[in-house]
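Here's the letter readout for the chains.
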Amino acid sequence: MPDTFSKKRPSIGTICEHEEGRTSYSTQETYEGYLKKWIVPRWGSYQLGDVKAVQVEQWLKTLPLARGSKAKIRNIMSALYSHAIRWEWTDKNPITQVRQSAKRSNIPTVLSVEEIRRLFSCIKEPCRTAVILDAVSGLRVGELLGLKWQDVNFEQLELNVTRSVSRQVVTPCKTEVSRKSIPMNPEIAEMLFRWRMEAPYKEPGDWIFASPHKAGIQPYWPG
């Protein structure tokens, strides 16, 4: 898919600009993971016209995955066929007839206030500040890890969200809605200020949650 995928992985810690019509780096990584692990091993030897909706539906039922992950696979396969139609390699998309619910099969566990307090008390910095900030702001993980100290306006009590991080590759936020200022209450601002006083990297251009392994020049990434 050369018109939507890039073969070259951006350098770690550098900003990768989003190109018009091209999927984001994080989306490319997700697609590639599903393709290599699930789709290609099962369907890689098939001709485009040989893949049948019922076969795909039955196969999805056998996968040891959550419904949401199965729906993701179905959607990726459908995107592949849409791409093939655009390039006139086929004239139909059988995946549009594949039925696969993305509805959760289990009700999520909701923590009580006391359980949340005990959880926070067990987490060490900087993860404690990161978890609390994420919980109250609703930021995506990539947006949270993409924050720098220059993005925090302590006087106006605002966070300016302008970039995102995926596997230590930095990209601008996908949409205008994501590139926004979000309010902070005074307690959160005080928590961030305390972490800045303790943090080894506290200059305006430093990452709020910097990698401890790369002298602060890279944003933190779990794992």
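Asker: Looking at this structure, I do not really get the overall build of the chain. What am I missing?
Answerer: Within the chain, the secondary structure is distributed over seven helices and five strands. Here the chain, with 223 residues, has 37% of them falling under the buried criterion. Counting only contacts in the chain whose residues sit at least 6 apart along the sequence, the fraction spanning at least 24 positions is 54%.

Asker: Even after reading the chapter, I still don't get the packing of aromatic side chains, so can you show me in this structure?
Answerer: Centre-to-centre distance and the angle between the planes together describe a pair of aromatic rings. Throughout the structure, instances matching the rule amount to four aromatic pairs. Look at Trp-43 and Trp-59: their rings are 5.6 Å apart centre to centre, the planes differ by 90°, and that puts the pair in the edge-to-face class. One end of the pair, Trp-43, is in helix H1 (residues 25–43); the other, Trp-59, is in helix H2 (residues 53–62), with 16 residues separating them in the sequence. Classification of Trp-59 by relative accessible area gives buried; the value is 10%. Among the aromatic side chains, those forming a connected cluster through ring pairs are Trp-43, Tyr-46 and Trp-59.

Asker: In this structure, what is going on with the sheet that holds strand S5 (residues 181–183)? I would like to understand it.
Answerer: Hydrogen bonds along the backbone pair up the strands of a sheet, which may run parallel or antiparallel. Pairing is antiparallel across the open sheet formed by three strands, whose spatial order is S1-S2-S5. Both edges of this open sheet fall to strand S1 (152–153) and S5, since each of them pairs with a single strand only. Bridge count for strand S2 (residues 158–160) against S5 is three bridges, and the pairing is antiparallel. Note that in S5 the partner of Asn-160 across the bridge is Ser-181.

Asker: What should I look at first to understand the confidence of the model for the chain in this one?
Answerer: Interpretation of this model should avoid reading the predicted coordinates in detail wherever pLDDT is low. In this model, the chain carries an average pLDDT of 84, and 83% of its residues clear a pLDDT of 70 or more. When the elements of the chain are averaged for pLDDT, strand S4 (residues 169–172) gives the smallest value, 78, and H2 the largest, 96.

Asker: Is there a simple way to think about the pairing of S4 in this case?
Answerer: Every other side chain in a regular strand lies on the same face of the sheet, so the side chains alternate between the two faces. Direction of pairing for strand S3 (residues 163–166) relative to S4: antiparallel, over a ladder of four bridges. By the bridge assignment for S4, Ser-166 is matched with Val-169. Between S3 and S4, which follow one another and run antiparallel, lie two residues, and Arg-167 among them has a positive phi close to 55°.

Asker: Even after reading the chapter, I still don't get the pattern of salt bridges, so can you show me in this structure?
Answerer: A side chain with one charge may pair with a side chain of the opposite charge, provided their charged atoms come close. Under the criterion given, the structure shown has five salt bridges. Across the salt bridge formed by Arg-163 and Asp-151, the nearest N and O atoms sit 2.6 Å from each other. Of the two residues, Arg-163 sits in strand S3 while Asp-151 sits in the loop between helix H6 (141–145) and S1, which places them 12 residues apart along the sequence. Judged by its relative accessible area of 10%, Arg-163 falls in the buried class. For Arg-194, the salt bridge goes to Glu-190, with nearest N and O atoms at 3.4 Å. Separated by four residues within a single helix, Arg-194 and Glu-190 lie in helix H7 (residues 186–198), roughly one turn from each other.

Asker: Which parts of the structure should I look at to understand the nonpolar core?
Answerer: When a protein is soluble and globular, its nonpolar side chains tend to lie buried together. Core analysis: the biggest nonpolar cluster contains 27 residues, and Leu-133, Leu-159, Leu-192, Ile-208 and Phe-209 have the highest contact counts within it. Counting only elements with at least two residues in this core, the list comes to helix H5 (127–137), H6 and H7. Considering each element in turn, this core owes the most residues, five residues, to H7. Excluding anything up to four places from it in sequence, Leu-133 contacts Leu-144, Leu-147, Leu-159, Ile-188, Met-191, Leu-192 and Phe-209.

Asker: Sorry if this is basic, but what is going on with the packing of H5 against H7 here?
Answerer: Between two packed helices, what matters for the description is the angle formed by their axes and the separation of those axes. The geometry of H5 relative to H7 is characterised by a closest axis approach of 11 Å and an angle of 155° between their N-to-C directions. Taken together, the axes of H5 and H7 lie roughly antiparallel to each other. Handedness of the H5/H7 crossing: left-handed. Contacts from Thr-129, Ile-132, Leu-133 and Val-136 of H5 reach H7 at Ile-188, Met-191, Leu-192 and Trp-195. Grouping the amino acids of the contact of H5 with H7 by side-chain chemistry returns seven nonpolar, one polar and no charged.

Rules used throughout
Residues numbered from 1 in each chain as written. Predicted model: local features only at pLDDT ≥ 70, side-chain atom pairs only at ≥ 80, totals over all residues. Heavy atoms only, no water. Helix = DSSP H or I, 4+ residues; strand = E, 2+ residues; numbered from the N terminus. Buried < 20%, exposed > 50% of the residue type's maximum accessible area, 1.4 Å probe, protein only. Contact = heavy atoms within 4.5 Å. Phe/Tyr/Trp six-rings, centres within 6.5 Å; stacked < 30°, edge-to-face > 60°. Pairing = 2+ DSSP bridges. pLDDT = per-residue confidence, 0-100. Salt bridge = Lys/Arg side-chain N within 4 Å of Asp/Glu carboxyl O. Core = buried A, V, L, I, M, F, W, Y, C linked by side-chain atoms within 4.5 Å. Axes fitted to C-alpha atoms, helices over the stretch in contact; angles between N-to-C directions. Parallel < 35°, antiparallel > 145°, perpendicular 65-115°, else oblique. Left-handed = near helix turned anticlockwise from the far one by under 90°. Nonpolar A, V, L, I, M, F, W, Y, C, P; charged D, E, K, R; others polar.

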